[in-house]
Amino acid sequence: MIATNPTIDRITGKIGDQSLLFQYTIKLVLLVSFSELILYRLVSRLGMHLSKLAQTHEWIIPTFTALTQIGQWLLNVVAILLFLALGVAVISRMAGRGFVGTNMIVIPCVVLLLLLTVGFLLIPPAFLGSAIYNLIALIALICLMVEYLSTHTEWSHRAMGITYLLGVGGWLYYQIVSTIYSFIGTVAAPPFVYEAHRGGEALLVLSSILVMWAYGRGVSFRTRNQRQRRRAIWFWATAGSIFTLMLFLDYLLNRYDPGMATNIRKAADGIGWIFQFGMGYTFFLPFAFYMTGLLCWSYTVIKLLTMGRLAGYGLGLMFIAGYALLYSNLTLMVVLGAMLLTMDRYRRGATDSAPATNAPMIRTPDSLVGGQI
């Protein structure tokens, strides 16, 4: 009798399994995108917010002007790297799977997005062009998330994927419907655009928290390792205390010192203004939820990057793009991140060293021609 070897779960799609061109392109995209987020989308808005302070400090204006120019240069570099990365990713998908399944929709959508991006550089898009661009991006993201959900059966992965798709879908729906109504010229209010915009932001924040549940393993109470269990207890106790303190910080400060509470509230409004213009968050939820999502996302992405998993690069790009996809490079960033996320999965394979049971004591010699007569 011939026994079958037991199967184990193996992570496939690591960054080290890809070609050198793909590896360095994805790493550069993530690094330059993060730098562009800090220097252009956030720091430049911070400089606008410090216009009154610049009247007394002359060094503020030239410093922030230089940082903004560097950020604009990085924006162009990100666009070039995104084109290269998406081209390599498309070729890799075609070589690995062929033009079947979700590739029949994803590949044409990605190619159309790249062509439209180049075309919009020559001819600025009108209302209809913007609606078509966002609609194609939404179709590509839906197909990629369907593929992700079909290959990831854990509830944590599916909850994170669904909430992210609904979150970004809320923004894209808001953009598509509002643009179409503006193109038609009707004075009627688009249906559910306000609810979709606010609900999408809340779901994206929730998805950034669920990222840790899906991928940030190592701080679970279910482990049998006593050291890891104590570490998890300290981590969650500290995180819960900080979250509760931040949730009621404004109330406590108002009871302690109303003047200090007012100053901190103004500073928080300034931070919210910067992130609203930089990443699209309106901060209508309590600030503690946004900070929790940022910490959970940062911990998980750093952990996945140290492990060399493509999910770390995908999640990094998806949330660096933010909520308001006002630029075409941000939309391409989300699509590339979703493609990388689908490449990181578990594959069941047979163990190489599993002994066979009931194996014959004397093996028959292999035929020289490899077959039987």
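Summary of the structure given here. Note that this is a predicted model, so its numbers are computed, not measured. Residues take numbers from 1 onward in each chain, read along the sequence in its written order. It should be noted that, the model being predicted, local features are given only for residues of pLDDT at least 70 and side-chain atom pairs only at 80 or more, the latter also being counted only at that level, while totals for whole chains, interfaces and linings use all residues. Only hydrogens and water are set aside; all other atoms, that is, all heavy atoms of the structure, feed into the side-chain values.

## What to know about the overall build of the chain
Secondary structure follows DSSP: runs of H or I at least 4 residues long count as helices, runs of E at least 2 residues long count as strands, and numbering of each begins at the N terminus. Counting its regular elements, the chain contains 12 helices and two strands. For the chain, the sequential pattern of α-helices and β-strands runs β-α-α-α-α-α-α-α-α-α-α-α-α-β. Buried means the residue's accessible area, taken with a 1.4 Å probe over protein chains only, is under 20% of the maximum for its type, while exposed means over 50%, and partly exposed covers the values in between. Relative to its full complement of 373 residues, the chain shows a buried share of 40%. Contacts in the chain between residues at least 24 apart in sequence constitute 75% of all its contacts with a sequence separation of at least 6. Only the protein chains shown count as cover for residues, and all accessible areas are computed by the Shrake-Rupley method using a 1.4 Å probe. Just so you have it, the chain exposes about 21300 Å², and 68% of that area is on carbon and sulfur atoms. Throughout, a contact is declared for two residues whenever any of their heavy atoms are within 4.5 Å.

## Some words on helix α12 (residues 328-343)
Here a helix's expected span is defined as the number of its residues, less one, multiplied by 1.5 Å. Between its first and last C-alpha, α12 extends 23 Å over 16 residues, near the 22 Å set by a 1.5 Å rise per residue. Counting buried residues along α12, 15 of its 16 residues qualify, which places the element largely inside the surrounding structure.

## Overview of unusual backbone geometry
In the Ramachandran plot, Phe192 falls in the positive-phi region, its phi being about 60° despite a non-glycine side chain. Among the secondary structure elements, Phe192 is positioned in the loop between α5 (155-184) and α6 (193-215).

## With respect to the nonpolar core
A general tendency of soluble globular proteins is for nonpolar side chains to be buried together. In this text, buried Ala, Val, Leu, Ile, Met, Phe, Trp, Tyr and Cys residues form a nonpolar core when linked through side-chain atoms within 4.5 Å. With 75 residues, the main nonpolar core has Met160, Tyr215, Leu315, Leu336, Leu340 and Leu341 as its most contacted residues. The element contributing the most residues to this core is α12, with 11 residues. Once residues within four sequence positions are removed from consideration, Met160 is found in contact with Tyr148, Ser207, Leu210, Val211, Ala214, Tyr215, Leu315 and Leu341.

## Describing the packing of α5 against α6
In this description, a line fitted to the C-alpha atoms serves as the axis of each element, helices being fitted only across the stretch in contact, and the angle between N-to-C directions of two axes falls anywhere from 0 to 180 degrees. One way to put it is that α5 packs onto α6 with a least axis distance of 7 Å and a crossing angle of 155°. Between α5 and α6, the angle falls in the class roughly antiparallel. Of the two possible hands of crossing, α5 and α6 adopt the one that is left-handed. An angle counts as roughly parallel when it lies under 35 degrees, as roughly antiparallel when it exceeds 145, as roughly perpendicular when it falls between 65 and 115, and as oblique in every other case. Left-handed describes a crossing whose near helix is turned anticlockwise from the far helix by less than a right angle; the clockwise case is right-handed.

## Brief notes about the pattern of salt bridges
Any Lys or Arg side-chain nitrogen found within 4 Å of a carboxyl oxygen on Asp or Glu counts as a salt bridge. Enumeration over the complete set of coordinates arrives at three salt bridges. With a closest N to O distance of 3.3 Å, Glu36 and Arg41 form a salt bridge.

## Looking at the packing of aromatic side chains
Under the pairing criterion, centres of Phe, Tyr and Trp rings, with the six-membered ring standing for Trp, must be within 6.5 Å; the plane angle then separates stacked pairs below 30 degrees from edge-to-face pairs above 60, leaving the rest tilted. Under the criterion given, the structure shown has five aromatic pairs. Summarising the aromatic geometry, the rings of Tyr164 and Phe319 are spaced 5.3 Å apart at their centres and angled 65° between planes, so their arrangement reads as edge-to-face. Of this pair, Tyr164 sits in helix α5 while Phe319 is found in helix α11 (residues 310-320), placing the two residues 155 residues apart along the sequence. The same class applies to Tyr164 and to Phe319, which are both buried. Note on Tyr281 and Tyr290: the rings are 5.9 Å apart at their centroids and 75° apart in plane angle, and the pair reads as edge-to-face. Tyr290 carries the same exposure label as Tyr281, and that label is buried. Three or more aromatic residues link up through ring pairs in this structure, and these residues are Trp171, Tyr174 and Tyr323. Whether a charge sits over a ring comes down to the Lys NZ or Arg CZ being within 6 Å of the ring centre and within 35 degrees of the ring normal. The ring of Tyr24 has Lys27 sitting right over it, with the charged end atom 6.0 Å from the ring centre. Here the basic side chain of Arg198 rests over the ring of Phe284, its NZ or CZ set 4.6 Å away from the ring centre.

## Comments concerning the packing of α6 against helix α10 (residues 287-307)
With their axes 8 Å apart at the nearest point, α6 and α10 run at an angle of 40° to one another. Judged by the inter-axis angle, α6 sits oblique to α10. The crossing of α6 and α10 is left-handed. Of α10, the residues touching α6 (which contributes Glu201, Val205, Ser208, Ile209, Val211, Met212 and Tyr215) are Phe289, Tyr290, Thr292, Gly293, Cys296, Trp297, Tyr299, Thr300 and Leu304.

## With respect to a nonpolar patch on the surface
Residues Met94, Phe99, Met104, Ile105, Leu135 and Ile139 make up a contiguous nonpolar surface patch of about 510 Å² in total accessible area. Contributing elements (two or more residues each) for the nonpolar patch: α3 (103-122) and α4 (127-151). Tracing the backbone through its elements, the reader meets Phe99 in the loop between α2 (60-97) and α3. Grouping into patches uses exposed residues only, defined as over 30% relative accessible area, and leaves out salt-bridged ones; the cut-off is 9 Å for like charges and 5 Å for nonpolar side chains (Val, Leu, Ile, Met, Phe, Trp, Tyr).

Treat this as a map of the structure, not an account of what it does.
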